[in-house]
Amino acid sequence: MSGTDAPRSRSELEHWLKTESAARYHDTHPFHVAMHEGRLGRREIGVWIANRYYYQTRIPIKDALILAKSEDPAFRRSWARRLRDQDGERAGSGGLELWLRLGEAAGLEREAMISHALVLPDVRRACDAYVELVRDAALVEAVAASLTETLAPELMRQRIQAWQEHYAWLGADSVAYFRTRITNAERDGREALEFVLTNARTFEQQAACVRALVRKTEILWQLLDAVERACDRPQLARRARLLSDPMSGKRLLLYPENGLLLNGTAAEIVELCTGEIDVDQIVSLLSSRHAVERSVVEPGVRRMLDALRSRALLEVPRT
Amino acid sequence: MNGAERPYTLVAELTYRCPLRCAYCSNPTRLARRLPELATGEWQRVFGEASALGVVQLNLTGGEPLLRRDLEALVSSAAGLGLYVNLITSGVPLALDRAVQLARAGLDSVQISLQDVDSEGARRIAASAPLDQKLIAARAVKELGLALTVNVVLHRVNIDRLPELLELAVGLEPERIELANAQYLGWALLNQSSLLPSREQVETARVLAAAAREHLRGRIEVSYVAPDYHTGAPRPCMGGWARRHIVVSPDGLVLPCHAAHTIAGMHFDSVRDASLASIWRESEALNAFRGEGWMLDPCRSCERRMLDFGGCRCQSFHLTGDPRAADPACRLSPHHDRIAAARAVPSGSRRPLQLRTPSMSR
C-alpha cells in the first residue's frame, strides 16, 4: 500500500482483496491440514461437524441482514438465492439439511446439533462475531466479508478427495454438502466480488472492505482454534518420568529438580496422557472404569491437566 | 527422626571451586576446615546410599560441578541407579562435546544461570561470566534434547533489567525459568546493603514475573521466588530442616542445606566416617531442628509452624546469634527490626560489592 488516498482500480482492488484473504484463509490451519491429511479420528471429525454446524446456521441470518441493507430489488433478488440454498425450498432440503445428515453419518444426534448443545463457547463467540460484523457494517463491507467463498471451491475439491480417501466410514453421501458448495460458492463469490469492485468507490471504502474480509478470515481461524483446543490430545512431556516410588508404593512423576507424588486417580490421568486420546475420551474412560458420572470425573481431570500444563509438563499441541 | 522425614533430593556439592565470583553467592565466606573433595568412588557410594533412603532426584552442583573431571562417571552411576539427574551449572565451561558426553552418561536436565543481559553486567557482579559461552551451553543442551532450566538470581544490580533478562531467557527455549531473589547468606549477606532491592523494584519484578508466567503458560514454567526481606514471611527453607533434602558438601559433610555448617557450634557428620543412612537418622545436628520441639516463641504456638518451619535456621543464627530463634524475616519475630533496618539503608551508604574471593578456588 502506498500512502495515497486515491481509489484503487478494479484490478488493483481485486488483487488486494485476494492477497489479504488468501494469506489468512483457514485452509492452512493445523486442524484443517490434519483433517485433509487424514489424521483426525472419528471424535475429532464429530466435534468439527457439530461446531461448524453452528457457523452454517449463522449464514442465513447474516444473509438476511445483508438483504435488509439493500435498496436494490435486483441485488435482493439475487442475494435471496443464498437463503434458499442454505434453508432449502422446502423442509428436508437445502444446505443445513445436508449438514445435519453429515453429522448423523458421523454419529451425532440431529436434535443435539439443532439445539447447539454441542457448540463450544469460543466457536459460538466467533460465529456470533461474524453476524455482528455484518449487522454493523455498511452493505459493501458486509458483502466483502463473505468473499472468503471465492477461496472455498478449491478447498472443497481438496476436501472431497481427502474425505473419500481417509474418512470412508462416513459413507458416500457425506461429501454431498461440499459438492454443492463447489458450484454455489463459485457463483456466489463471483457475484459478491463484482458487487464489491463496483460499489467500493473511495479508497476508504475499499480499505474498509479489506478490513472486513480480514476480520472474517480471523473468525474462521478462531473457529478452528477452538475446535483444535477441544480435540487436544494431552501428551506427557518427554522429560517427565513416571515411576513407582519404592518407599510409598505410590506413583511418582519426576521432572527437572522436582516431582509429584500422585494419588491413584491422578496417576491414572497421567498414564492416559499418551497423545493418543483427547481430554473427553480420558473423562469417558475413567468414568466407565470407576462407574461414576462424567460430571464427577471431569473437574478432577481438568485440574490435573491444568497442574501438568502449568508446569509445562504436557507437550505443546501438534502443529 | 520419625516417618515424616523422607529425603527426595540429594544435593551433591561436588566442589566449592568456581570460575565465577558472584557477589551474591550463598556459599560460606570461609570454611572452618578445608578437607579434600570427595573422590569419585566416595560420591558413587553416597549416591547408592541416598537411593536406598528413597532419594529420587540428584542435583549435581557446586561451586561449578563441570570442574570435576569425573562428572561423566558420576552422572553415569547416578543414572544407573534410576535417579533423575540434574546438573546445576554456570554453563561456562560447557561446550557441545562435553554436553554430548554428559547426555550419553544419562544426564536428564541442566540448569544454567544467567547473571545479567550482557557480559559487561555479568563482569560487575561475578568478575567473569561470559554470556556467549552460556548461550553456547544452552543451545547444546537443547540440541541434545535435555531439559533446560534458566536460572536468574535477582538483586538490586540486575533486577531493573528483568524484561530484557526474560526476553533473553525465553529465546533459549527452556522448559523452565527460575527467577529467584538472592538469599542473604554467605557472600550475599556480606554484600547485602548493595544487593537488596527496593520495595518498588521487588514489586515491579513480581508483576513482570506473574505476567510472564501467564503469557508463557503451558510452554515454559516461570517460577518466582520473592525476597523474604520484603515479604514479611519466612521461607519454608528446604521444605524443613533435614526433611526432604540431603545436602552433601564437597568434603562430605551431611547438611540440611548448603549453609548450615556456618552455624557456629553445630557439628555435622561426614560420609567419610559413617553411612549416609546412619547420619540421616542419627546425626545430632540433623535431628536438632526436626519436628517442632526445638521451637521458641513465637514459632511454637504459631499455626504456620509446620508450613514454614520457622524459616531459615542459618538466617536466624546470622542475624540473631541463636539458630532456634524465629527467622527475623517473619514479621512476628522479635528481631524483625534487623530486616526492616536492612531495607531502610539509604542508597548513599551502600558499600562497593565484594566479589567472592578466588582464594577458595584452590
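The shown structure was predicted, so the numbers you read here are calculated from the model rather than taken from an experiment.

Cut-offs used in this document
- Residues numbered from 1 in each chain as written.
- Chains lettered and ligands numbered in written order.
- Predicted model: local features only at pLDDT ≥ 70, side-chain atom pairs only at ≥ 80, totals over all residues.
- Heavy atoms only, no water.
- Helix = DSSP H or I, 4+ residues; strand = E, 2+ residues; numbered from the N terminus.
- Buried < 20%, exposed > 50% of the residue type's maximum accessible area, 1.4 Å probe, protein only.
- Contact = heavy atoms within 4.5 Å.
- Areas by Shrake-Rupley, 256 points an atom, 1.4 Å probe, with all protein chains shown as cover.
- Lys, Arg positive; Asp, Glu negative; His and termini not counted.
- Charge placed at Lys NZ, Arg CZ, Asp CG, Glu CD.
- Core = buried A, V, L, I, M, F, W, Y, C linked by side-chain atoms within 4.5 Å.
- Right-handed = clockwise from strand over helix to strand, strands pointing away.
- Pairing = 2+ DSSP bridges.
- Disulfide = S-S within 2.5 Å.
- Buried area = accessible area lost by both parts, 1.4 Å probe.
- Salt bridge = Lys/Arg side-chain N within 4 Å of Asp/Glu carboxyl O.
- Axes fitted to C-alpha atoms, helices over the stretch in contact; angles between N-to-C directions.
- Parallel < 35°, antiparallel > 145°, perpendicular 65-115°, else oblique.
- Left-handed = near helix turned anticlockwise from the far one by under 90°.
- Nonpolar A, V, L, I, M, F, W, Y, C, P; charged D, E, K, R; others polar.
- pLDDT = per-residue confidence, 0-100.
- Expected span 1.5 Å × (residues − 1).
- Bend = angle between axes of the 7 residues up to and from the residue.
- 1 Å grid on protein atoms, 1.4 Å probe; cavity = no way out; pocket = protein on both sides within 12 Å on 5 of 7 lines; lining within 4 Å.
- Points joined across faces, edges and corners; volume = space filled by probe spheres on them.
- Phe/Tyr/Trp six-rings, centres within 6.5 Å; stacked < 30°, edge-to-face > 60°.
- Lys NZ or Arg CZ within 6 Å of the ring centre and 35° of its normal.

Caption draft 1: Spotlight on the overall build of chain A. Looking only at helices and strands, chain A features 14 helices and three strands. Referenced to the eigenvectors of the C-alpha coordinate spread, the extents of chain A come out at roughly 80 × 50 × 35 Å. Every one of the 319 residues in chain A was classed for burial, and the buried ones make up 50%. Considering only residue pairs separated by 6 or more positions, chain A has 72% of its internal contacts joining residues 24 or more positions apart. Total accessible area on chain A stands at roughly 15,000 Å², and carbon and sulfur atoms take up 51% of it. The positive charge centre, built from 46 side chains, and the negative charge centre, built from 46, are 1 Å apart in chain A.

Caption draft 2: Region of the structure containing unusual backbone geometry. The step from Gly62 of chain B to Gly63 of chain B runs through a cis peptide bond, and the omega angle for that step is 10°. Here Gly63 of chain B is to be found in the loop between strand E2 (57-61) and helix H2 (71-80). Located in the positive-phi region is Ala312 of chain A, a residue other than glycine, with phi close to 55°. Given a relative accessible area of 3%, Ala312 of chain A falls into the buried group.

Caption draft 3: The arrangement of the nonpolar core in detail. Counting residues in hydrophobic clusters, the biggest one holds 85 residues, and the most contacted among them are Phe47, Leu60 and Leu179 of chain B. Counting residues per element, this core draws most heavily on helix H5 (residues 131-143) of chain B, which supplies six residues. Those residues in contact with Leu60 of chain B, other than ones at most four positions away along the chain, are Ala12, Leu14, Phe47, Pro65, Leu71, Val75, Val85, Asn86, Leu87 and Ile88 of chain B. Within the second largest apolar cluster, 78 residues are counted, among which are Phe75, Ala142, Ile219 and Leu223 of chain A.

Caption draft 4: How the structure looks around the pairing of strand E6 (residues 176-181) of chain B. Residues and elements named next belong to chain B. Counting buried positions along E6 yields six of six residues, so the element is predominantly enclosed. Side chains Arg176, Glu178 and Ala180 of E6 all project onto a buried face; the interleaved residues Ile177, Leu179 and Asn181 project onto the opposite face, where all are buried too. Crossover handedness for the path strand E5 (residues 147-154) to helix H6 (residues 162-171) to E6: right-handed. Where E6 lies against strand E7 (residues 221-225), five bridges are found, and the strand directions are parallel. Of the residues in E7, the one forming a bridge with Leu179 is Tyr224.

Caption draft 5: Here's a closer look at the state of the cysteines. Taken as a whole and assessed by the stated rule, the structure comprises zero disulfides over all chains. In this structure Cys231 of chain A is not part of a disulfide, and its nearest cysteine sulfur, from Cys127 of chain A, lies 15 Å away. Residue Cys299 of chain B stays outside any disulfide, its sulfur separated by 6.7 Å from that of Cys302 of chain B, the closest cysteine.

Caption draft 6: Broad picture of the interface of chain A and chain B. In this complex, chain A contributes 20 residues to the contact, which on the side of chain B involves 27 residues. Both faces considered, chain A and chain B share a buried interface measuring about 1,800 Å² in area, 51% of it formed by carbon and sulfur atoms. Interface area lost by chain A to chain B is led by Arg239, Arg241 and Glu257 of chain A, which between them contribute 34%. Counting every contact that joins chain A to chain B gives four salt bridges. Where Arg217 of chain B meets Asp306 of chain A, a salt bridge forms, and the shortest distance between an N and an O atom there is 2.6 Å. Contributing elements (two or more residues each) for the side of chain A that touches chain B: strand E2 (251-255), strand E3 (258-262) and helix H14 (294-310) of chain A.

Caption draft 7: Layout of the sheet that holds E5 of chain B. Residue and element names in this part refer to chain B. One open sheet accounts for nine strands, arranged E7-E6-E5-E4-E3-E2-E1-E8-E9; its pairing is mixed. Of all strands in the sheet, those bounded by a partner on one side alone are E7 and strand E9 (254-255). Each of strand E4 (109-114) and E5 is contacted by H5, which is oriented at about 160° to E4, the strand it contacts most.

Caption draft 8: Quick look at the packing of H2 of chain B against helix H3 (residues 96-105) of chain B. Residue and element names in this part refer to chain B. Where H2 contacts H3, the two axes come as close as 8 Å, and the packing angle between them is 25°. Taken as axis vectors, H2 and H3 run roughly parallel relative to one another. Relative to H3, the crossing made by H2 is right-handed. Two secondary-structure elements touch here, H2 through Leu71, Glu72, Val75, Ser76 and Ala79 and H3 through Arg98, Gln101, Leu102 and Ala105. For the contact of H2 with H3, the residue count by class is five nonpolar, two polar and two charged.

Caption draft 9: Geometry of the confidence of the model for chain A. Mean pLDDT for chain A: 93, with 97% of residues reaching 70 or above. Per-residue pLDDT, averaged within each element of chain A, yields its smallest value for helix H2 (residues 30-36) of chain A (91) and its largest for helix H8 (residues 139-145) of chain A (98).

Caption draft 10: Layout of helix H10 (residues 176-199) of chain A. Helix length check: H10 of chain A, at 24 residues, gives a terminal C-alpha distance of 34 Å against a target of 34 Å (1.5 Å per residue), a fit within 8%. Of all the bends in H10 of chain A, the greatest, near 30°, is centred on Asn184 of chain A.

Caption draft 11: Here's a closer look at the packing of helix H13 (residues 279-289) of chain A against H14 of chain A. Residues and elements named next belong to chain A. Two numbers describe how H13 lies on H14: the axes approach to 9 Å, and their chain directions differ by 130°. In this view, H13 runs oblique relative to H14, as classed from their interaxial angle. The two elements H13 and H14 cross, and the hand of that crossing is right-handed. Across the interface between the two elements, Val279, Asp280, Ile282, Val283, Ser284, Leu286 and Ser287 from H13 touch Arg294, Val297, Glu298, Val301, Arg302 and Leu305 from H14. Split into classes, the residues belonging to the contact of H13 with H14 amount to seven nonpolar, two polar and four charged.

Caption draft 12: Highlighting empty space enclosed by the protein. Residue and element names in this part refer to chain B. Summed over all chains, the structure comprises seven cavities of 30 Å³ or more. For the largest cavity, the calculated volume is near 160 Å³. Lining of the largest cavity is provided by 18 residues; of these, Cys237, Gly240, Trp241, Phe289 and Phe309 occupy positions nearest its centre. Residues that form the lining of the largest cavity fall into these classes: eleven nonpolar, three polar and four charged.

Caption draft 13: Spatial organisation of the pairing of E2 of chain B. All names here are of chain B. When you tally the buried positions in E2, you get five out of five residues, the bulk of the element. The alternating pattern of E2 places Gln57, Asn59 and Thr61 and Leu58 and Leu60 on opposite faces, both of which are buried. Relative to E2, strand E1 (residues 9-13) is paired through five bridges, and the arrangement is parallel. The partner of Ala12 across the bridge, within E2, is Leu60. Across four bridges, the pairing between E2 and strand E3 (residues 84-89) is parallel. The residue bridging Leu60 from the neighbouring strand is Leu87, located in E3.

Caption draft 14: Seen up close, the packing of aromatic side chains. All names here are of chain A. Counted according to the given criterion, the structure contains 16 aromatic pairs over all chains. Considering the side-chain rings of Trp163 and Tyr167, the 5.6 Å spacing of their centres and the 70° angle between planes classify their relative orientation as edge-to-face. Residue Trp163 is classed as buried on the basis of its relative accessible area, which comes to 1%. On the basis of relative accessibility, which here comes to 2%, the residue Tyr167 falls in the buried class. Taken together, the ring pairs in this structure connect Trp48, Trp99, Trp163, Tyr167, Tyr177 and Phe178 into an aromatic cluster. Across the ring face of Trp79, the terminal group of Arg82 is positioned such that the distance to the ring centre comes to 3.7 Å.

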